[in-house]
Every structure is written in C-alpha cells, then in structure tokens.
Amino acid sequence: MKFAVIGHPIKHSLSPLMHHANFKALQTDDEYAALHIDPKHFHHLRDIIQDKAIDGFNITIPYKVDMLQVVDVVDTEAQMIGAINTVHIKDGVWYGYNTDGAGFKASIENYIGGKNIVVLGAGGASQAICYTLFKDNKVTVLNRNTNRVADWPFQIEAYTYDMSDAIKQADIVINTTPVGMDGFMADDLIDISQLKPSAVVCDIIYTPDRTPILQSAAQRGLSIINGLDMFVNQGALSYEIWTGNKADKTAMKQAVINYLQ
Ligand code: ATR
C-alpha cells in the first residue's frame, strides 16, 4: 500500500524513516513518502493524493485543522480534538482520524497511577491530550490565555500560570508548549520545586532528548518522559487504521533513536 505524510515544511519529518522501519520489520512492501504541499496548492490536495494512488496519509503542521473541511467523514475523536492527523481512503471515501491523543495516552499508560494531570499550553496538541485524558482523570490546563480552552467542545478547568496551585497536587505534568524547542527560551513556566517527589513530568517534544523542563525535573529526581513514545504510538495507530494490522513499535522506536543519536 502507499502512504505519506503531508505538511509545510516537511523535509525534517521522521515519519517516513519510522514507518519504513515498521514495513521492514513486518516484511511488507508498503511505501511511505514525505509530500510537501505548498499552501497555495492545498485546495488541490484530493487530486494530488489521488494521482499518486495513496491509501492513507498523516498530516502535520499547518494542515491538521484545515483537513476537517477536506475529508468526507470525521471520526468523533478527531471532531472533539478539532484536528485530523490521519486520513484513510477507502473506495474513494476520505475518513479523518486523530491518533495524537491516543498515542500520548498509550505512552504514559505505565505511569497513570495518580489522577491529577496538569497540561501546560492550550494549542492543538493540548486539546488532543486533554480530550483523551479528561474522562478518567482530573485535568487542569495552565496557559497564558485561558480563553482558548473555553472554545473546546468539552469542559476543562484552565488557569494562567501564576493563578494556580494545581502544580502542587499534580501526579503528571505535560508540557505541550514549544518552550524548549529551537528559538524558544527556557522560560520557567512552572516552579518544578513545587511538584510532589512522585510526580512524572512529560514533554511532547522528542528531540532534543532533554528539554529544559525535563532537565530541571530530572535534576530534582523526578521521573521524566519525552515525546518519543507518543510519536511512535501515533504512527503505529495510524498504521493500524490503514491496514488493520498491528505495527512493530519496537522497530519504529529504534529507528528514530538511531537517527537521533
Ligand atoms: P500545537 O498546535 O502544536 O499545540 P500551538 O497551537 O501553537 O501548537 O500552541 C502552542 C501553545 O503553547 C499555546 O497554548 C501557546 O500559548 P498561548 O495560547 O497563550 O499563545 C503556548 N506557548 C507558545 N509559546 C509560549 C511561551 N514562550 N511561553 C508559554 N507558552 C507558550
């Protein structure tokens, strides 16, 4: 089968490398390409994908929200998250899904002991993670602008960073802001010293290995999780949607680790 990831820019995406490691492990002759879609060609997307006979594709920045208008059927989870990261084309019908939240949830499964979760940031990644976690946990969002959460189609408590004591009760803290990525300062969004010693700190960024928030948490002896497992899990879930088969997550993760070393 033929798969792809679309985005703008796209050349830094590790999805092709990760999916090819899965194809190799499963001994399939599937293909996965990185497709650059210039914003001025986005309205031709259906023609572009159909010309290439693609069966399913992932969507990255900046098209996850726009994709809601392009597909024929939107899965409920993607609707609630307000974005699509996976499209499956079956008999010419385009089905839109979102595996980002479920991918994140799977990556912290071994750690969900306590139920108090604090999510930093209120963008698309935060909405995906909050939606998959809020039914079974107490989720609080901290963001500069709390109005963003008010627009979500499900209810979550939100505070500004300076207005919350939530951090003291948190069992898991998840950073979804770009703080720690190139060009962003390692602002102290939260005071890590206020966290419980048993707290787990996550960052959805998978490179570099230790973002400023994770570094600070590790220095204080807290458990840390970076975004690598989330990335692998969302890709594996996409593959399962496209093919009905389980992906080889160990092979996928190893390929990304090897590349990043
Ligand atoms: P994504 O869709 O990948 O989650 P996004 O929609 O750009 O990305 O959201 C990024 C989040 O990080 C936003 O909530 C943003 O805060 P605002 O809603 O107040 O704009 C937050 N963010 C970005 N840069 C930040 C910074 N330097 N400090 C704190 N928060 C920041």
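The name given to the protein chain in an unreviewed UniProt entry is Shikimate dehydrogenase (NADP(+)), with Macrococcus armenti as the source organism. As stated in UniProt under Sequence similarities (unreviewed entry), the record for the protein chain gives "Belongs to the shikimate dehydrogenase family."

Novice: Explain the UniProt feature "binding site: shikimate" (unreviewed entry) in the protein chain to me, please; I cannot follow it from the model alone.
Specialist: UniProt's entry tags Ser 13, Leu 14, Ser 15, Thr 60, Asn 85, Asp 100, Tyr 206 and Gln 234 with the feature "binding site: shikimate" (unreviewed entry), counted in the numbering of this structure. Within the fold, Thr 60 resides in the loop between β3 (56-59) and β4 (73-74). Residue Thr 60 is classed as partly exposed on the basis of its C-beta count, with 17 C-beta atoms lying within 10 Å. The residues contacting Thr 60, other than those within four sequence positions of it, are Val 5, Gly 7 and Ser 13.

Novice: I tried to follow helix α1 (residues 15-26) on my own but got confused; where do I start?
Specialist: Working note: α-helix, 3.6 residues per turn, so residues spaced by three or four point in the same direction. Under the 1.5 Å per step criterion, the end-to-end length of α1 is 16 Å for 12 residues, consistent within 8% with the ideal 16 Å. By the burial criterion, the buried members of α1 are Ser 15, Met 18, His 19, Ala 21, Asn 22 and Phe 23. Each element contacted by the buried residues of α1 is listed here: β1 (2-7), β2 (31-36), β3, α9 (228-243) and α10 (249-260). Two residues or fewer after α1 comes Gln 27, characterised by a positive phi angle close to 55 degrees.

Thresholds applied
Residues numbered from 1 in each chain as written. Predicted model: local features only at pLDDT ≥ 70, side-chain atom pairs only at ≥ 80, totals over all residues. UniProt positions renumbered as here; feature names shortened; annotations may be inferred. Helix = DSSP H or I, 4+ residues; strand = E, 2+ residues; numbered from the N terminus. Buried ≥ 20, exposed ≤ 12 C-beta atoms within 10 Å, placed from the backbone. Contact = placed C-beta atoms within 7 Å. Expected span 1.5 Å × (residues − 1).

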